[in-house]
Each structure stands twice: as C-alpha cells, then as structure tokens.
Amino acid sequence: MAIQSSLKNMVLSLGVICLVSSGLLAGVYALTKAPIEAAAEAKTNNAIRQVLPEFDGAPELKTIEADGGTISYYAASKGGEVIGYAVTASASGFSGPVSLMVGITADGIIYNTSVLSQSETPGLGAKCTEPAFADQFKNLNPAATKLAVKKDGGDIDAITASTITSRAYVAAVNNALAIYQAIVSGGVPDMSTGASVPTEDPAAQSAADTAAAQTAGDTAAAQTAEENK
C-alpha cells in the first residue's frame, strides 16, 4: 500500500533535500576556497611586481583609514629601505568600477599601473589595459604632470570614444596618490578631488566623441552618447 502524501512527509523530504544540498555546497566551498585564494594572491603579487621596482622578499601588507573604510596597500623594501608602495584604488567607469594597482616610489613617482579588474566595453573602454593608454602613467612625475584627460585641460590622452573610462583610470590614479600622500605624511587621504572635472563645452565634446565612435560601430556610438549626457 502506497504511503499517503501528507504535509509532514513533504516537510521532512524538503528538510532532507536542504540538508544534503547544504552539505554538498559546503564541500564544494571547502574544496575550492584554497585554490581561489591562492589564485587571488598570485594575481595580486604579480600586479605588485609589475608596478614597483625590484624589491626584497614579500611586500608588507598594511592598511590606512579612508572614506569611512579601510584601504590596503603594500610597502616594498630593498636593502632595508622602503622603495615604494603598491596601492589599490578604483573609480567608476562606463560599465562599472575600474580597479588598479598603482605603484608609487618612495619619492612620489608613479612607477607603473596595472588593471586588476574592469568591465568596460570590449574594443573601447577595455583598451585601458593596453600599453597605448596605460604606458602614459609609467615613470610619471605627478608634480610635473596635470593628471586629467586632455579634454579636461590635463596631459593624459583619452581612449578614443571612451572618455568616461579614461577619466575613471585617471581618477583611480589620483586616489592612489592621495593615499600615498597620507601614508608618508601620516594624515588622512583626501580622495574627493580624484576625478577629472567635466569639459566646459559638452556640445563640442559630444560632436567629437560621436565622430570618433562612428569608426568603431554602433556600440561605440552608443557609449559616446551615454558619456556626454
């Protein structure tokens, strides 16, 4: 005789299913946690090596308070002397945050930058990872450079039809510099001025960006229109 279905049986069955599912998820998490953490650590260490001069051993992980939260950075040493800092900083791009590792030497020179993550449009904003744009920040002296895109009166060439992404990259670098200044001075980072100011002539910017975007297809044109609203 078949067991008659009842609310009690249904609850019991669902409970067993939930317990089994939870156990499986916990097992998968336990198996993948270490490899995921190892991959993240390797990515971070690789970025540090890209953005700082040669250093001894492993950089020291430190923190500083900023914008109501805690920001991590790495201090690298050689021969017992700190030779630079690798600072993680980000700013909002066209499709989401643009996160960078910025290497700044002990004397305040931007040694190099490396993109940790970005979700910008392929063929447009995603070109922020390419040397043609990123190499502008190699061995850059902030005291002798206006860190803003040229449309905003600065010295940085923006990516064609990707003004928002370019501004985000510059803003992230400026934020990293603010953190560096706080590290060496013992103060609190002021990252309120990290972003470039908008152009004073939106109509001219819209026309220029739209013309450039036509060669990149419909996606480029759409992004340019959004940038200049």
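A quick note: this is a predicted structure, and the numbers were derived from the prediction, not measured. All chains use their own residue numbering, which begins from 1 and follows the written sequence. Totals for whole chains, interfaces and linings use every residue, but because this is a predicted model, local features are given only for residues with pLDDT of at least 70 and side-chain atom pairs only at 80 or more, for both listing and counting. The side-chain quantities take in all heavy atoms of the structure and omit both hydrogens and water.

1. Details of the packing of aromatic side chains
- Only Phe, Tyr and Trp rings are paired, with Trp represented by its six-membered ring, and only when their centres lie within 6.5 Å; those with planes under 30 degrees apart are stacked, over 60 edge-to-face, the remainder tilted. Enumeration over the complete set of coordinates arrives at five aromatic pairs.
- Each ring, one from F133 and one from Y169, has its centre 5.0 Å from the other, and the planes form 90°; the classification is edge-to-face. Highlighted residues: F133 in helix 2 (residues 131–134) and Y169 in helix 3 (residues 163–185), separated in sequence by 36 residues.
- Among the aromatic side chains, those forming a connected cluster through ring pairs are Y73, Y85 and Y180. Here a strand is any run of E in DSSP of at least two residues, a helix any run of H or I of at least four, and the numbering for each starts at the N terminus.

2. As for the nonpolar core
- The definition of a nonpolar core used throughout is a set of buried Ala, Val, Leu, Ile, Met, Phe, Trp, Tyr and Cys residues joined through side-chain atoms within 4.5 Å. Buried, partly exposed and exposed residues are distinguished by accessible area as a fraction of the type maximum, computed with a 1.4 Å probe on protein chains only: under 20%, between the cut-offs, and over 50%, respectively. Core analysis: the biggest nonpolar cluster contains 35 residues, and F137, L147, Y169 and V173 have the highest contact counts within it.
- Going through the elements one at a time, strand 1 (56–66), strand 2 (69–78), strand 3 (81–92), strand 4 (97–105), helix 2 and helix 3 are the ones with two or more residues in this core.
- Per element, the largest residue contribution to this core is twelve residues, and it comes from helix 3.
- Contacts were defined at the residue level, with two residues in contact if any of their heavy atoms lie within 4.5 Å. Filtering out sequence-adjacent residues up to four positions away, V173 remains in contact with L100, V102, I110, T113, F137 and L147.

3. Structural notes on the pattern of salt bridges
- What counts as a salt bridge is simple: a side-chain nitrogen of Lys or Arg found within 4 Å of a carboxyl oxygen of Asp or Glu. Counted by the stated rule, this structure contains five salt bridges.
- A salt bridge links D157 to K150; the shortest N-O distance between them is 2.8 Å.
- By relative accessible area, which is 48% here, K150 ends up partly exposed.
- Between D152 and R167 there is a salt bridge whose closest N-O contact spans 2.8 Å.

4. Side note on the side chain of N175
- Relative to the helices and strands, N175 resides in helix 3.
- Here a polar contact is recorded for every N or O atom pair within 3.5 Å, except that within protein the pair must consist of a potential hydrogen donor and a potential acceptor, and residues adjacent in sequence are included only if both atoms are side-chain atoms. A polar contact of 3.3 Å, which involves the side chain of N175, links it to the backbone oxygen of S90.

5. Some words on the UniProt feature "modified residue: FMN phosphoryl threonine" (unreviewed entry) in the protein chain
- UniProt positions are given in the numbering used here, feature names are shortened, and annotations may be inferred rather than shown by experiment. When the UniProt feature table is mapped to this numbering, "modified residue: FMN phosphoryl threonine" (unreviewed entry) covers T163.
- Following the sequence through the fold, T163 ends up in helix 3.
- For T163, a relative accessible area of 1% corresponds to the buried category.

6. Let's talk about helix 1 (residues 7–51)
- Between its terminal C-alpha atoms helix 1 stretches 62 Å, which fits the 66 Å expected from 45 residues at 1.5 Å a residue.
- Most pronounced at T32, the bend in helix 1 amounts to some 35°, and the proline P35 follows within four residues.
- Tucked into the core, helix 1 has its buried residues touching strand 1, strand 2, strand 3, strand 4 and strand 5 (110–117). One fewer than the residue count of a helix, multiplied by 1.5 Å, yields its expected span. Bend, at a single residue, is the angle you get between axes fitted to the 7 residues ending at that residue and the 7 residues starting at it.

7. Description of the side chain of S166
- Relative to the helices and strands, S166 is located in helix 3.
- Ignoring any residue separated from it by four or fewer positions in sequence, one finds S166 in contact with F133, V149, A158 and I159.

8. Quick look at the sheet that holds strand 4
- Any two strands between which DSSP finds at least two bridges are classified as paired. Overall, antiparallel pairing links the five strands, which are arranged 1-2-3-4-5 in an open sheet. Looking at the sheet topology across the chains shown, the edges are occupied by strand 1 and strand 5. The mean inter-strand angle of the sheet, taken between neighbouring strand axes irrespective of direction, is 25°.
- Across six bridges, the pairing between strand 2 and strand 3 is antiparallel. When the sheet's bridge partners are listed, A75 is paired in strand 3 with Y85.
- Axis lines are fitted to C-alpha atoms, over the contacting stretch for helices. Their N-to-C directions set the angle, which ranges from 0 to 180 degrees. Helix 1 contacts strand 1, strand 2, strand 3, strand 4 and strand 5 of the sheet and is inclined by roughly 155° relative to strand 5.
- In the packing of helix 3 onto the sheet, contacts are made with strand 1, strand 2, strand 3, strand 4 and strand 5, and the angle to strand 3 comes to roughly 140°.

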